[in-house]
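If you want the building blocks of each chain, they are given just below.
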Amino acid sequence: MKSSMFSNTKQLFRKMSVIELASRYALVKLSSFSGFVSKVRSLTNAAIANQRTSHQSAFGIFPSQSYISLMKSTIFKLYVAGERIEDCLETHDKISAFNMRMIIDHSTEEKTSSCAWEDNVKAKTKLLDRIPSLFHHRSSSSPSTGTTNGEQKESLLIPLFVPIKITSLFSPELLEILSATIIKVEEEDLPHHQSESYFKKKMTKEEKDTYEQGMMNLERVCLAAKKNGLSILLDAEQSHRQPAIDFISRILMARLCGGGGEKDETARLLSHRPPLIYNTYQMYLKGSYERLRLDIEKGKENNYPVGIKLVRGAYMVNESERALEKSCENPIMPSKQDTDEQYNEALSMILGSISENKCDVSVLIATHNRESIIKATELMKKNGLLPNDPRIHFAQIMGLCDN
């Protein structure tokens, strides 16, 4: 298994030239030196600051534009397909040869004003509307990928996912308030009160208005994705915001994809629906396995497809610092081994659920961990799941673990 997946470098890197491979190796090697990374970070910050202001930086007269051009032609190209969606087409063509798809990640960060949220909604819906036509045309004119059916070939090549950061469309402050309320309700063991109407009653008029605006923003983006046959990946946030994001994701899944009544196992298998929304589960957080299990159950109870993006986590330093500052329990698992074990247990549960067809579940296994990828493929084989099962996807950041 390990040999066939990772050792055949000739096959894995057949689309790269010797120069491309050499330059990537040099960049990765340089990136292993902390002094180099620290210097590049300082220079990059100075270059960006110089572009934004007319003030002289700590580096004196700094050729910021030349430096940024150098970065774009080297390090930037290793990890980013482009600044505009049109720039991504060359990378799209390369990975299409491997029957791989792109995740179009148009980064929009946290915002706190309604005007900024509206701007982000417009930018995101515009992107979602452009993807099918742009990539469908590209796929139609691309060389064959080995499939005999033209329509199947095109559908294989068009991107599937677009991530969104909820705090770019929804009040971060309200997420924290709502999360605190949810945690309190859970501690009091009042699951029957965990409805949208219950929590809205606990909001002030201003909070309720902000909540409705945020939900409308999210619905507009999700409906644009649905119209264009794409799925939304909801990015994870810090643990003091995540309960609200989980709550909102369940509401959106039920509201936009629920209904249809009970189905037996055969009907469920034949009518598999790709989830419109994939919520992110960070397995380095304590209790993530149980949270995931309950969300799968809720999807089954309410008959909506559950989308799962499975990751380890990205806010370890922030979480630890906040726990220390607030004198509260650190939400991070005690060790890397504990995180790995919880991740693999989650994989086993998800793939088992898919195999048994007891609920409509799809998963995006987002990891650069070789052992987890091997574990997932072994579990798929054990559960009788095909490598091209449309409910199972693997994802890595470009430039990381490309093999």
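Coordinates for the structure precede this section.
Residues numbered from 1 in each chain as written. Predicted model: local features only at pLDDT ≥ 70, side-chain atom pairs only at ≥ 80, totals over all residues. Heavy atoms only, no water.

## Describing the overall build of the protein chain
Then comes step 1: Assigned secondary structure in the protein chain consists of 18 helices and six strands.
Then comes step 2: A total of about 21,700 Å² of accessible surface is found on the protein chain, and carbon and sulfur atoms cover 54% of it. (Helix = DSSP H or I, 4+ residues; strand = E, 2+ residues; numbered from the N terminus. Areas by Shrake-Rupley, 256 points an atom, 1.4 Å probe, with all protein chains shown as cover.)

## Some details on the packing of aromatic side chains
Then comes step 1: Applying the stated criterion across every chain, the model contains four aromatic pairs.
Then comes step 2: The interplanar angle of 85° and the centroid separation of 5.1 Å between the aromatic rings of Phe-161 and Tyr-278 together place this pair among those described as edge-to-face. Residue Phe-161 is located in strand β1 (residues 161-164), and its partner Tyr-278 is located in strand β3 (residues 277-282); the two are separated by 117 residues in the primary sequence. For the pair shown, Phe-161 and Tyr-278 are each scored as buried.
Then comes step 3: Ring plane angle 85° and centroid distance 6.1 Å describe the contact between Phe-170 and Tyr-211, whose orientation is recorded as edge-to-face. (Phe/Tyr/Trp six-rings, centres within 6.5 Å; stacked < 30°, edge-to-face > 60°. Buried < 20%, exposed > 50% of the residue type's maximum accessible area, 1.4 Å probe, protein only.)

## Section: the sheet that holds strand β5 (residues 361-366)
Then comes step 1: Spatial strand order, β1-β2-β3-β4-β5-β6: six strands in an open sheet with parallel pairing. At either end of the open sheet lies a strand with only one pairing partner, and these are β1 and β6 (392-395). Taken over all neighbouring pairs, the strand axes of this sheet differ in orientation by 25° on average, direction set aside.
Then comes step 2: Pairing of strand β4 (residues 306-311) with β5, which is carried by five bridges, proceeds in the parallel orientation. Across the sheet, the residue bridging to Ile-308 is Val-363, located in β5. (Pairing = 2+ DSSP bridges. Axes fitted to C-alpha atoms, helices over the stretch in contact; angles between N-to-C directions.)

## Regarding the packing of helix α10 (residues 172-187) against helix α12 (residues 205-227)
Then comes step 1: Two elements in contact, α10 and α12, have axes separated by 10 Å at closest approach and are oriented at 110°. Our classification of the angle between α10 and α12 gives roughly perpendicular. The interaxial crossing formed by α10 with α12 has left-handed handedness. Within the contact between the two elements, α10 uses Leu-174, Ile-177 and Leu-178 and α12 uses Glu-207, Thr-210 and Tyr-211. (Parallel < 35°, antiparallel > 145°, perpendicular 65-115°, else oblique. Left-handed = near helix turned anticlockwise from the far one by under 90°. Contact = heavy atoms within 4.5 Å.)

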